[in-house]
Amino acid sequence: VKFSATMAVRRDEEFGEMFAQSWRALADGFYDPKHHGADWAAVRARYAPLVGHVACKEDLYALISLMLGE
């Protein structure tokens, strides 16, 4: 059986969602509800605009790692 399909991947949307899920996982699941004094919403506001400049998943992982290090 021959099969053919096309799939459009919108990397900006995919990376944006991956970033949001990473932020939310720590926002909802971090053992210290005060995040050791970090303003977690401000951390998201600082890093979220950078997601649009990410070219590949490895760069996104590095950006998320930097955010999580806050």
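This write-up is about the structure you can find in this document. (Residues numbered from 1 in each chain as written. Predicted model: local features only at pLDDT ≥ 70, side-chain atom pairs only at ≥ 80, totals over all residues. Heavy atoms only, no water.)

1. Re helix 2 (residues 40-47)
Think of an α-helix as 3.6 residues a turn; residues three or four steps apart then line up on the same face.
Phase 1 of the analysis: The set of residues buried in helix 2 consists of Trp 40, Val 43 and Tyr 47. Taken down its axis, helix 2 places every buried residue within 50° of arc, on the same side.
Phase 2 of the analysis: Lining the buried residues of helix 2 we find helix 1 (11-29) and helix 3 (57-68). (Buried < 20%, exposed > 50% of the residue type's maximum accessible area, 1.4 Å probe, protein only. Helix = DSSP H or I, 4+ residues; strand = E, 2+ residues; numbered from the N terminus. Arc of directions from axis to C-beta. Contact = heavy atoms within 4.5 Å.)

2. Digging into the pattern of salt bridges
Phase 1 of the analysis: For the structure on display, the rule yields four salt bridges.
Phase 2 of the analysis: The partner of Glu 13 in a salt bridge is Arg 10, and the shortest N-O contact between them spans 3.8 Å.
Phase 3 of the analysis: Judged by relative accessible area, which is 53%, Arg 10 ranks as exposed.
Phase 4 of the analysis: Its salt-bridge partner being Arg 11, residue Glu 14 comes within 4.0 Å of it at the nearest N-O pair. Taken as a pair, Glu 14 and Arg 11 lie in helix 1 at a separation of three residues, close to a single helical turn. (Salt bridge = Lys/Arg side-chain N within 4 Å of Asp/Glu carboxyl O.)

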